[in-house]
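Close look at the chain arrangement
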Amino acid sequence: MKVLVIGGGAREHALCRSLSLDPEVTALYCAPGNAGIAEVAELHPVDALDGDAVARLAAELGAGLVVVGPEAPLVAGVADAVRAAGIPCFGPSGEAAQLEGSKAFAKDVMAGAGVPTARSYVCTTPAEIDEALDAFGAPYVVKDDGLAAGKGVVVTDDLAAARDHALSCDRVVIEEFLDGPEVSLFAITDGTTVLPLQPAQDFKRALDGDEGPNTGGMGAYSPLPWADPKLVDEVLDTVLQPTVDELRRRGTPFSGLLYAGLAITSRGVRVIEFNARFGDPETQVVLARLRTPLAGVLLASANGTLDVLPPLTWRDDAAVTVVIASHNYPGTPRTGDPIDGLAEVAAQDAPDAYVLHAGTRAEGDAVLSAGGRVLSVTATGKDLAAARERAYTALGRIRLDGSQHRTDIALKAAGG
């Protein structure tokens, strides 16, 4: 099978890495890709938001499967254009991707499906915003209704900051604060059958100790030694399957990757948000633990045949990923800085630790930073402590001027 992956971040590098190790994949392409993905896939330029251009490229390459990585192309209907060209595509339709594209749509679907979530108000005027903030009180949870690349959510005790963020959005969802630890659970679905993956936990705040501003994610780990062993089955029964069934009932079947961001509260599991694609950086650790070859699972989702797939198999190893971000992230990042030490990691730490590229570009033989989150250093080990040690040892070999990373990813879960 020839596979084309759309996107150019660490999530796509993780997907491409897994696909490159799959014996069923005879050719692997990525558009537009990045400097790291170029080592495992053939890169092609494309406007990832132009469905017709993506479909044309897939046809020219003879792709038997297209995997759409990021949310913006999915919401723009790229998967629809690929399927209209007769090419199997992993990823939901533009209509179904509104589950991530609109927080208000997601809340409506959850209400219809009876899925437990935070109480919320959708606001469009200053008066509605003030009323909602007053109704819930601090801590205030304010979410831009549309796509915001992981940075549209503000959680704060500062009423003025909450109100300012709400007023900056065209439409905003204000909801009650959910206590308890957060869990990310991915599921692959074909619109009927739902196949949950292993849970992970990511770290949204920029600084150690969960301080600083919200980011797209500064690291992740899997498995979760503290989680109830029945968690995955419970979330499948109360969240994932009912949501997929409700979308099918509405005539907008969802196939692809359904991501549930969950809070394990004192009153039980509650959905914080849905995403319509693999999450970054959780994908890096979940795929590091998946033993089943990936291409066949994604193709079964695209073709509606997940019900005949054998059960997924998983490695016993734990996995940890730590994000290296550029100077000033999550503000406007500094880019164009050279990255050194990548060859040292490949020579001294592989295969137990490796680097996945997020915001990078090649310039001659040099690799330069090209985004806010630049690299995801990922490692596996017999337990979280071993995986963590390997990840930070590998990270220590990398040099990027002005870069930042958290030093406490998976520390508490590993018993530190």
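Our subject in this report is the structure included herewith. (Residues numbered from 1 in each chain as written. Predicted model: local features only at pLDDT ≥ 70, side-chain atom pairs only at ≥ 80, totals over all residues. Heavy atoms only, no water.)

Another aspect to go through is the sheet that holds strand β11 (residues 194-196). The antiparallel open sheet is built from 4 strands, whose spatial order is β11-β10-β16-β17. Each edge of the sheet is formed by a strand with only one pairing partner; in this case those strands are β11 and β17 (268-275). Strand-to-strand twist of the sheet, defined as the mean angle between neighbouring strand axes without regard to direction, takes the value 35 degrees. As paired elements, strand β10 (residues 182-189) and strand β16 (residues 256-265) share 8 bridges and run antiparallel to each other. By the bridge assignment for β16, L185 is matched with A260. (Pairing = 2+ DSSP bridges. Helix = DSSP H or I, 4+ residues; strand = E, 2+ residues; numbered from the N terminus. Axes fitted to C-alpha atoms, helices over the stretch in contact; angles between N-to-C directions.)

Look at helix α7 (residues 126-136) against helix α8 (residues 159-167): their axes get within 10 Å of each other, and the N-to-C directions meet at 145 degrees. The handedness of the crossing between α7 and α8 comes out as right-handed. Contacts between α7 and α8 pair P126, I129, D130 and L133 from the former with L159, A162, R163, A166 and L167 from the latter. A per-class count over the contact of α7 with α8 returns 7 nonpolar, no polar and 2 charged. (Left-handed = near helix turned anticlockwise from the far one by under 90°. Contact = heavy atoms within 4.5 Å. Nonpolar A, V, L, I, M, F, W, Y, C, P; charged D, E, K, R; others polar.)

Unfilled space is identified by rolling a water-sized probe across the atoms. All chains considered together, the criterion is met by 3 cavities of 30 Å³ or more. There is about 40 Å³ of room inside the largest cavity. Along its surface, the largest cavity is lined by K103, A106, K107, M110, K143, E175, I272, E273 and F274. When residues of the lining of the largest cavity are traced back to their parent elements, those giving at least two are α6 (103-113) and β17. (1 Å grid on protein atoms, 1.4 Å probe; cavity = no way out; pocket = protein on both sides within 12 Å on 5 of 7 lines; lining within 4 Å. Points joined across faces, edges and corners; volume = space filled by probe spheres on them.)

As a further point, take the packing of helix α1 (residues 10-20) against helix α11 (residues 294-303). As a packed pair, α1 and α11 sit with axes 8 Å apart at the nearest point and diverge in direction by 110 degrees. Between α1 and α11, the crossing angle belongs to the class labelled roughly perpendicular. Of α11, the residues touching α1 (which contributes L15, S18 and L19) are L294, A295 and L298. In terms of residue class, the contact of α1 with α11 is made up of 5 nonpolar, 1 polar and no charged. (Parallel < 35°, antiparallel > 145°, perpendicular 65-115°, else oblique.)

On the surface, a cluster of negative charge is contributed by D228, D233, E234 and D237. Here E234 shows up in helix α9 (residues 231-249). (Patch = residues over 30% accessible without salt bridge, like charges linked within 9 Å, V, L, I, M, F, W, Y side chains within 5 Å. Areas by Shrake-Rupley, 256 points an atom, 1.4 Å probe, with all protein chains shown as cover. Salt bridge = Lys/Arg side-chain N within 4 Å of Asp/Glu carboxyl O. Lys, Arg positive; Asp, Glu negative; His and termini not counted. Charge placed at Lys NZ, Arg CZ, Asp CG, Glu CD.)

In this structure, L4, V66, L240, V320 and I398 are the most contacted members of the largest nonpolar core, which totals 78 residues. Sorting elements by how many residues they give to this core places α9 first, with 8 residues. Not counting residues within four places of it along the chain, the set of residues in contact with L4 comprises Y29, C30, A31, V54, L57, A58, L61, A63, L65, V66 and V67. Core analysis: the next-biggest nonpolar cluster, separate from the first, contains 39 residues, V25, L195, L257 and A288 among them. (Core = buried A, V, L, I, M, F, W, Y, C linked by side-chain atoms within 4.5 Å. Buried < 20%, exposed > 50% of the residue type's maximum accessible area, 1.4 Å probe, protein only.)

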